[in-house]
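Chains, contacts and geometry: an overview
Below are the chains, spelled out letter by letter.
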Amino acid sequence: MNTGLIAIFIILFIIVGAIYTKKCVEFLIAGSLLAALVLYKGSFITEWCSVMQTALADNVWIIIICGLFGSLIALLQEAKGSFGFSKLVEKLCNTERKTLLTTFVLGILIFVDDYLNVLSIGVCMKGVFDKKKIPRETLAYMLDSTAAPVCVLLPFSTWAVFYASLFYEQDFITGAGYTSGIDAYIHAIPFCFYPIITLIIVLLFSLGIMPKIGAMKKAYQRVAETGKVYSDASRKYNHEEHEGYEEEGNIWDFIIPMGVLVGVAIATSDVLVAVVLAILACFILYVPRKIVTFDNFFNIVAKGYADMTPVAILLVVAFGVQTLTSDMGLADYIIETMTPLLSGATFPMITFILVAALGFTTGSFWGMCAVVTPIVFPLAAAVGANPVLVMSAVVSGGAFGSHACFYGDATVLASTGACIDNMEHTMTQLPYVLIASVLTIAAYLVCGIIM
């Protein structure tokens, strides 16, 4: 049997098992071991360990980012400045609608990087959501839906820089007369249907026009019946010792570190430097004023970092699954299977489905786009497809993967930012993801025919 087809069965095993049991990490590990067994036979344990070691080494940047964000969050909680911020925001967010709209606007404003978006806004708004008795699942959904979908629609984000450089390497794009990669990217933005539709759905949800569906409706029912803003399964992600604090902290103990974080990230495009300087700002603010003692400061940093260990484990195993399924030829198999379906009119729609499927099944969004683009663009030229629609379909597919894949980094970080179980976040946002994807497929089909 073709190993690419076997890789699809392994991915389906991971997805179905994780959804049914709500045990994401366990099924990722099992799936990765199965993939290693298929690839390496008797030496699969040794090779699996090697793959995981490489996955950690190649992605150490995001692992460090996650840990340091945990340290920053722990420091902000200890200083209680976030409670002062919550008290200020509550004056504006005196209704559920205003709270959701404020979160939506913050998601638009913090556009430079999707990691920065989900983690920083989660810190800012979690307490406000709890006070208004809004389910944490709603916060996670809004964090995830305003991360990659916002980043891809602005030509000065990390996503835009990546795609612009990727597109401008293709003869299909340079031959279309664009003066630069960013020029080509800007022309594609109005046709990036998935992120646009996703943001419209989030806005309608915030306004109360889009109804609560499926697991999201059940989350609201839980809050109404029990008052619990998160489920028992998510209790392990929340430290009870912080729940009884009053809003007694100084708001500047929150605003200054967060201002440093966002400002440096925008100025330097380096989130790692930004979070390190934000922690340094906490040290300067807290230790001289004895809000936190010198010794306890570093204990808090270490504890906050350790709290992110489950997230780090999930990400490393997910990256390992990406590597193993790629080595099995998953991308090549899907591309070969879908090639006979191509025509100029349907090509943008097929491209979106292809990139979205690869991104979702592998958890690798930029990686899959980099793999697919050199194959897709020559095919697009051969069948006479619209280059702008093809570019936007690649971007939309990548945004879908980032938004929908339950073991993708942005989705994991969104559930981390809201301090809830990752599979609960996945299931509550799933109906809205499906609505956006169906509408996107229809939009690319119509535009492919008329353009």
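Residues numbered from 1 in each chain as written. Predicted model: local features only at pLDDT ≥ 70, side-chain atom pairs only at ≥ 80, totals over all residues. Heavy atoms only, no water.

1. Focus on the overall build of the protein chain
- Within the protein chain one finds 24 helices and 0 strands.
- Looking at the 451 residues of the protein chain, the share that counts as buried comes to 56%.
- Of all intrachain contacts in the protein chain linking residues separated by at least 6 positions in sequence, the fraction that spans at least 24 positions is 78%.
- Working note: accessible area of the protein chain is about 17,800 Å², and carbon and sulfur atoms make up 68% of it. (Helix = DSSP H or I, 4+ residues; strand = E, 2+ residues; numbered from the N terminus. Buried < 20%, exposed > 50% of the residue type's maximum accessible area, 1.4 Å probe, protein only. Contact = heavy atoms within 4.5 Å. Areas by Shrake-Rupley, 256 points an atom, 1.4 Å probe, with all protein chains shown as cover.)

2. Points about the side chain of E424
- Along the chain, E424 falls in helix α24 (residues 422-450).
- Taking relative accessible area as the criterion, E424 reaches 12% and is therefore assigned buried.
- There is a polar contact of 3.0 Å between the side chain of E424 and the side chain of S234. (Polar contact = N/O pair within 3.5 Å; in protein donor to acceptor, adjacent residues only side chain to side chain.)

3. Side note on the pattern of salt bridges
- Taken as a whole, this structure holds 5 salt bridges when the rule is applied.
- In this structure, the salt-bridge partner of K212 is E96, at a minimum N-O distance of 3.9 Å. Residue K212 is found in the loop between α13 (193-206) and α14 (214-226), and its partner E96 is found in helix α6 (residues 96-109); the two are separated by 116 residues along the sequence.
- For E96, a relative accessible area of 30% puts it in the partly exposed group.
- The shortest N-O distance in the salt bridge between D253 and R289 comes to 2.6 Å. Here the residue D253 occupies a position in helix α15 (residues 252-268), and R289 occupies one in the loop between α16 (271-286) and α17 (294-307), the gap between them amounting to 36 residues.
- Judged by relative accessible area, which is 3%, D253 ranks as buried. (Salt bridge = Lys/Arg side-chain N within 4 Å of Asp/Glu carboxyl O.)

4. Looking at α13
- Between its terminal C-alpha atoms α13 stretches 20 Å, which fits the 20 Å expected from 14 residues at 1.5 Å a residue.
- For α13, a buried count of 10 out of 14 residues is recorded, marking the element as mostly surrounded by other parts of the structure.
- All buried positions along α13 are accounted for by F193, Y194, P195, I197, T198, L199, I201, V202, F205 and S206.
- Once α13 ends, the next one or two residues include G208, with phi positive near 85°. (Expected span 1.5 Å × (residues − 1).)

5. Here's the deal with unusual backbone geometry
- Positive phi is not limited to glycine here, since K41 has a value of about 55°.
- You can see K41 is positioned in the loop between α2 (24-40) and α3 (44-58).
- With a phi angle near 55°, K133 is a residue other than glycine that sits in the positive phi range.
- Mapped onto the fold, K133 is located in the loop between α7 (114-131) and α8 (136-145).

6. Quick notes on the environment of Q322
- Secondary-structure assignment places Q322 in helix α18 (residues 309-327).
- As a C-alpha pair, Q322 and A55 span 267 residues in sequence and 9.1 Å in three-dimensional space.

7. Concerning α18
- Compared with an ideal rise of 1.5 Å per residue, which puts 19 residues at 27 Å, α18 spans 27 Å between its outermost C-alpha atoms and is within 8% of the ideal.
- Where α18 ends, the next residue or the one after it, G329, has phi of about 85°, a positive value.

8. A short note on the packing of aromatic side chains
- Evaluated as defined, the whole model comprises 16 aromatic pairs.
- A centroid spacing of 5.6 Å and a plane angle of 85° characterise the contact between F205 and Y432, whose relative ring orientation is edge-to-face. In this pair, F205 sits in helix α13 while Y432 sits in helix α24, placing the two residues 227 residues apart along the sequence. Accessibility classification places F205 together with Y432 in one group, the buried group.
- On the basis of an interplanar angle of 80° and a centroid distance of 5.4 Å, the ring pair of F297 and F298 is categorised as edge-to-face.
- Since its relative accessible area comes to 3%, F297 is described here as buried. (Phe/Tyr/Trp six-rings, centres within 6.5 Å; stacked < 30°, edge-to-face > 60°.)

9. Examining a nonpolar patch on the surface
- Residues L445, V446, I449, I450 and M451 make up a contiguous nonpolar surface patch of about 480 Å² in total accessible area.
- One can find M451 in the segment after α24. (Patch = residues over 30% accessible without salt bridge, like charges linked within 9 Å, V, L, I, M, F, W, Y side chains within 5 Å.)

10. Quick notes on the packing of α6 against α8
- α8 packs onto α6 with a crossing angle of 30° between their chain directions and a minimal axis gap of 9 Å. It follows that α6 is roughly parallel to α8 by the angle criterion. Once α6 is placed against α8, the crossing between them reads as right-handed. Residues L100, T103 and F104 of α6 lie in contact with α8, whose contacting residues are T138, L139 and M142. (Axes fitted to C-alpha atoms, helices over the stretch in contact; angles between N-to-C directions. Parallel < 35°, antiparallel > 145°, perpendicular 65-115°, else oblique. Left-handed = near helix turned anticlockwise from the far one by under 90°.)

11. Looking at the nonpolar core
- Within the largest apolar cluster, 149 residues are counted, with the highest numbers of intra-cluster contacts made by L28, M125, Y163, Y185 and Y407.
- It is helix α4 (residues 60-79) that provides the largest number of residues to this core, a total of 12 residues.
- Once you skip the residues sitting within four places of it in the chain, M125 turns out to touch V89, C93, T99, T102, T103, L106 and L139. (Core = buried A, V, L, I, M, F, W, Y, C linked by side-chain atoms within 4.5 Å.)

12. Concerning the confidence of the model for the protein chain
- In this model, the protein chain carries a mean pLDDT of 83, and residues with pLDDT of at least 70 account for 89%.
- Ranking the elements of the protein chain by mean pLDDT puts helix α11 (residues 171-174) last, at 66, and α13 first, at 95.
- Below a pLDDT of 50 lies the segment residues 241-247, which in the model reaches 12 contacts outside its immediate sequence neighbourhood of four places, other chains included. (pLDDT = per-residue confidence, 0-100.)

13. Details of the packing of α13 against α24
- One way to put it is that α13 packs onto α24 with a least axis distance of 9 Å and a crossing angle of 135°. Taken together, the axes of α13 and α24 are oblique relative to one another. In this structure, α13 meets α24 at a crossing whose hand is right-handed. Across the interface between the two elements, F193, Y194, I197, T198, I201 and F205 of α13 pack against Y432, V433, I435, A436, S437, L439, T440, A443, Y444 and C447 of α24.

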